[in-house]
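Secondary and tertiary structure notes
Chain by chain, the residues:
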Amino acid sequence: IKKSGGISIFAHPFWRWNTLNIPYEVADYVFEYGLMDIFELMGGMYPCENNIQLVHWQEWAIKGKKYPIVGSSDQHTTYKDRGALFNAYYSIVFADNSSFEEISKAILNGDNVAVENREMNRDDFRVYGSRRYVSYAHFLWREFYPQYEYFCSTVGMLMKMYFEGDESALSAALDAQKRADLYAER
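The structure reproduced in this document is the subject of the present report.

Basis of the calculations
Residues numbered from 1 in each chain as written. Predicted model: local features only at pLDDT ≥ 70, side-chain atom pairs only at ≥ 80, totals over all residues. Heavy atoms only, no water. Phe/Tyr/Trp six-rings, centres within 6.5 Å; stacked < 30°, edge-to-face > 60°. Helix = DSSP H or I, 4+ residues; strand = E, 2+ residues; numbered from the N terminus. Buried < 20%, exposed > 50% of the residue type's maximum accessible area, 1.4 Å probe, protein only. Contact = heavy atoms within 4.5 Å. Pairing = 2+ DSSP bridges. Patch = residues over 30% accessible without salt bridge, like charges linked within 9 Å, V, L, I, M, F, W, Y side chains within 5 Å. Areas by Shrake-Rupley, 256 points an atom, 1.4 Å probe, with all protein chains shown as cover. Salt bridge = Lys/Arg side-chain N within 4 Å of Asp/Glu carboxyl O. Axes fitted to C-alpha atoms, helices over the stretch in contact; angles between N-to-C directions.

A complete count under the given rule lists 19 aromatic pairs for this structure. Considering the side-chain rings of Phe125 and Trp141, the 4.8 Å spacing of their centres and the 50° angle between planes classify their relative orientation as tilted. Here Trp141 lies in helix α4 (residues 131-163) and Phe125 lies in the loop between β7 (112-116) and β8 (126-128), a separation of 16 residues in the sequence. A residue is classified by how much of its surface remains accessible, and Phe125, at 13% relative accessible area, is buried. The exposure class assigned to Trp141 is buried, which follows from its relative accessible area of 11%. Taking 5.4 Å as the distance between ring centres and 55° as the angle between the ring planes, the aromatic pair formed by Phe151 and Tyr183 counts as tilted. A residue pair is termed long-range when its members are at least 10 positions apart, and Phe151 in helix α4 and Tyr183 in helix α5 (residues 169-185) qualify at 32 residues.

If you want it as structure tokens, here you go:
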């Protein structure tokens, strides 16, 4: 991964599928010897898995091994009947732009949070990271994202119309995207 210019993520080590995915001793070894750049704090299929991952990360932080974190759904589909956790776990990254370099740098510096929102509920979600960024993420969730999601859903609706054959929807979608971008830049 590093030879290719990437960053390594230790993903959901305590995921259970009939048996424990990775023995605790292996996870301890990975933490002890720094065999990852980032730890996927939220990304298990069930709350107990995420809880164990959270506790594991906290215990190693107390020992002085502090690793950057992410949240990730690791879903293999967006179909609701087969992807119940799609968008349930994710990261909010506070980067200067959306390039791989800037996003990587921000995550490695801890300029991000891991989010757990299993029910897609605006009032029932958990955010993990530094107090500063957790507070900011709650502010964004309450004050910024509702309007931004409205703009983005408008773009999505217009793009769907375009792909269904309505040629005039493309210019409207591009205009709506400009509005979304301007809102986001404020």
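The phi dihedral of His12 is positive, around 25°, even though this residue is not glycine. The residue His12 is located in the loop between β1 (9-10) and β2 (16-17) in this model.

Along an α-helix, residues three or four positions apart point the same way, because every turn accommodates 3.6 residues. Looking only at helix α3 (residues 100-108), the buried set comprises Glu102, Ser104, Ala106 and Ile107. Where the residues of α3 are buried, they touch β4 (38-42), β5 (69-71), β6 (89-93) and β7. In the segment just after α3, Gly110 is the residue with positive phi, at about 80°.

So, on to the sheet that holds β5. Reading across from one edge, β1-β4-β5 is the order of the 3 strands in this open sheet, with parallel pairing throughout. Bordering the open sheet on either side are β1 and β5, each of which pairs with just one other strand. Sheet analysis places β1 next to β4, joined by 2 bridges and oriented parallel. The residue of β4 that forms the bridge with Phe10 is Phe39.

What follows deals with a nonpolar patch on the surface. Together, Tyr29, Tyr33 and Leu35 give the surface a local cluster of nonpolar side chains, amounting to about 370 Å² of exposed area. Mapped onto the elements, Tyr33 comes out in the loop between α1 (24-32) and β4. Judged by its relative accessible area of 54%, Tyr33 is exposed.

One open sheet accounts for 3 strands, arranged β6-β7-β8; its pairing is antiparallel. Two strands close off the open sheet at either side, each with one partner strand: β6 and β8. With direction set aside, neighbouring strand axes in the sheet form an average angle of 25°. Sheet analysis places β7 next to β8, joined by 3 bridges and oriented antiparallel. Looking at β8, one finds that Ala114 is bridged to Tyr128.

It is worth stressing that arrangement in space is one thing and function is another; only the former is reported here.
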